[in-house]
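Survey of secondary and tertiary structure
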Amino acid sequence: MAQKKILLLSVSAGSGHIRAAEALLSQAGISSPDSTAIHLDVMDYVTWVLRKIYVDSYLFLLKYAPSLWGCLYRLTDRSTQKSTLHRIRRWLELLNSKPLLREIARQNPDVIICTHFLPAEILSQTIAAGKLNCPVWVQVTDFDLHRMWIQDHMTGYLAPNENVAQRMREGGIAADAIHVTGIPIMPSFSEPLDRKVCTQELGASTRLKTLLLMGGGAGIGGLHKIARHLLEMQGDFQLVVLAGKNAEALGELQMLALHYPDRLIPLGYTNKVERLMACADLAITKPGGLTTSECLATGLPMIVTAPIPGQEEQNASFLLDQGVAFHAIDLRTLKISIQHLLTHPDELSLMRAKARSIARPYAARHVLDIVLEKTGETACLPESCNSL
């Protein structure tokens, strides 16, 4: 069998879409000897105009006007593909993405997987114009389905769960084009880990309960503020705080740790999050699709905070409905939820069991198996991507 070339297209508007593509890239290197994968951030191949629209404006709204972003999310979800708003947006996308189309032609892939709706929408128009004959798949990266994920001429859709798959069918997508795979996460999250070993690596206590704090937000506060308030609580627990690449937040946490040397462990960026989750009894996090999928894969109960209006609100609703998370709207309710769960270990254990029951730790492998199988059944022409 000839080696298949997979092109993964993501968008750096938030980290989830990028991380899903990186998970597929990593899995391809492990379990697909008959394929090679390449990952492109679409924002590296479009004009500054499109970057302003899809990245800068998005991040600005999330920071300064999240309610306005929520309104736009709902407005675009209700609009039809034939609406004036969508027609103008698609025209702008195609006009400003010619470098991307040239790069796709240069790569000449056998199959494309999009982890963001933007490249799917651009390629839908390209296929309609007869300039692309390569199969294009869409991987949804939240537990919600916005209308813009549904595009004409897509080969297939990869859904995070059955609820989203049902919404796809209701949106007019053929049932045989929909595959429930979960959200791709790194293969390391499917590996069994020894909690004691991971805890010792971290330099944490094996005696105390461990809370893993992975993000702040509007209405809750920054990491330093949250950590300080939690450490003032009574209880035999320690707090691991992941500041990521936020050097300022890490510095503040390190100063705070001087006052709580045995209870606070501040950390910067790490690519070993699965080992931190293996140490934890409870995660406090924003409800992004990737992070929550990682928590589910490790059987880690959650308290979700400050969801972004739109997709993260829907993620939070899904997690609460499944009984694997609490929702804290402010510091007071966060502290109450933590106190409740730490004093009700049976409930925490039940949440852990439910998390494992709905987890899809092998989603990345499942996605690649489906896509490569279908690509083998309907191989695209050798010149399929050279006509762009």
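Residues numbered from 1 in each chain as written. Predicted model: local features only at pLDDT ≥ 70, side-chain atom pairs only at ≥ 80, totals over all residues. Heavy atoms only, no water.

Bringing the overall build of the chain into the picture now. Per the secondary structure count, the chain includes 16 helices and 12 strands. Taken over C-alpha atoms, the radius of gyration comes to 22 Å for the chain, in line with the 21 Å a tight globule of 388 residues would show. In terms of overall dimensions, the chain has C-alpha extents of about 65 × 45 × 35 Å along its principal axes. For the chain, with 388 residues in total, the buried portion stands at 53%. For the chain, contacts bridging at least 24 residues in sequence account for 69% of all contacts bridging at least 6. (Helix = DSSP H or I, 4+ residues; strand = E, 2+ residues; numbered from the N terminus. Rg over C-alpha atoms; globule rule 2.2 N^0.38 Å. Buried < 20%, exposed > 50% of the residue type's maximum accessible area, 1.4 Å probe, protein only. Contact = heavy atoms within 4.5 Å.)

The subject of this paragraph is the packing of helix H14 (residues 331–342) against helix H15 (residues 345–358). Across the interface, H14 lies against H15 with an axial gap of 6 Å and an inter-helix angle of 95°. When the axis of H14 is compared with that of H15, the two are roughly perpendicular. Residues His340, Leu341 and Leu342 of H14 pack against Pro345, Glu347, Leu348 and Met351 of H15. Of the residues belonging to the contact of H14 with H15, the class tally is 5 nonpolar, 1 polar and 1 charged. (Axes fitted to C-alpha atoms, helices over the stretch in contact; angles between N-to-C directions. Parallel < 35°, antiparallel > 145°, perpendicular 65-115°, else oblique. Nonpolar A, V, L, I, M, F, W, Y, C, P; charged D, E, K, R; others polar.)

Moving on: the packing of aromatic side chains. With the rule as written, the count across this model stands at 6 aromatic pairs. An angle of 45° between the planes, with centres 4.9 Å apart, marks the rings of Phe60 and Tyr64 as tilted. Taken as a pair, Phe60 and Tyr64 lie in helix H2 (residues 48–64) at a separation of 4 residues, close to a single helical turn. Classification of Tyr64 as exposed rests on a relative accessible area of 55%. Pairing Phe117 with Trp149 gives two aromatic rings, centres 6.2 Å apart and planes at 75°, and the pair type is edge-to-face. Linking Phe117 in helix H6 (residues 117–128) with Trp149 in the loop between strand S4 (136–139) and strand S5 (156–159), this pair joins segments that are 32 residues apart in sequence. What makes Trp149 buried here is its relative accessible area of 7%. Positioned above the aromatic ring of Tyr269 is the side chain of Lys245, whose terminal nitrogen or guanidinium carbon lies 5.1 Å from the ring centre. A cation over an aromatic ring shows up here: Arg263 above the ring of Phe237, its NZ or CZ 4.7 Å from the ring centre. (Phe/Tyr/Trp six-rings, centres within 6.5 Å; stacked < 30°, edge-to-face > 60°. Lys NZ or Arg CZ within 6 Å of the ring centre and 35° of its normal.)

In this section: the side chain of Asp41. Mapped onto the fold, Asp41 is located in strand S2 (residues 35–41). Buried within the structure, Asp41 lacks any salt-bridge partner; Arg51 is the closest side chain of opposite charge, at an N-O distance of 8.8 Å. Setting aside residues up to four positions removed in sequence, Asp41 forms contacts with Ser10, Val11, Ser12 and Ile18. (Lys, Arg positive; Asp, Glu negative; His and termini not counted. Salt bridge = Lys/Arg side-chain N within 4 Å of Asp/Glu carboxyl O.)

On to the environment of Leu75, then. Within the secondary structure, Leu75 sits in helix H3 (residues 66–78). The partly exposed category is assigned to Leu75, whose relative accessible area is 39%. The spacing of Leu75 and Ala227 is 152 residues in sequence and 36 Å in space, taken between C-alpha atoms.

Across the sheet, which stays open at both edges, the 6 strands sit in the order S2-S1-S3-S4-S5-S6 with parallel pairing between neighbours. Each edge of the open sheet carries a strand with a single partner, namely S2 and strand S6 (178–180). Strand after strand, the sheet turns through a mean of 20° between neighbouring axes, direction not considered. Relative to S5, S4 runs parallel, the two sharing 3 bridges. What sits directly across from Gln139, in S5, is Leu158. (Pairing = 2+ DSSP bridges.)

Turning next to the sheet that holds strand S12 (residues 325–328). Read across the sheet, 6 strands follow the order S9-S8-S7-S10-S11-S12 without closing on themselves; strand pairing throughout is parallel. Two strands lie at the open edges of the sheet, namely strand S9 (264–267) and S12, each paired on one side alone. Each neighbouring strand pair of the sheet contributes to a mean axis angle of 20°, computed without reference to strand direction. Pairing of strand S11 (residues 302–305) with S12, which is carried by 4 bridges, proceeds in the parallel orientation. Paired with Thr305 across the strands is Ala328, a residue of S12.

What follows deals with unusual backbone geometry. A positive phi angle, close to 50°, is found at Asn108, a residue other than glycine. Tracing the backbone shows Asn108 in the loop between helix H5 (98–107) and strand S3 (111–114). For His153, which is not a glycine, the phi torsion comes out positive at approximately 70°. Inspection of the secondary structure puts His153 in the loop between S4 and S5.

Okay, the environment of Leu250 next. Position of Leu250 relative to the elements: it lies in helix H10 (residues 247–257). Taking the relative accessible area as the measure of exposure, Leu250 reaches 18% and is therefore buried. Filtering out sequence-adjacent residues up to four positions away, Leu250 remains in contact with Ala243, Pro266, Leu267 and Gly268.

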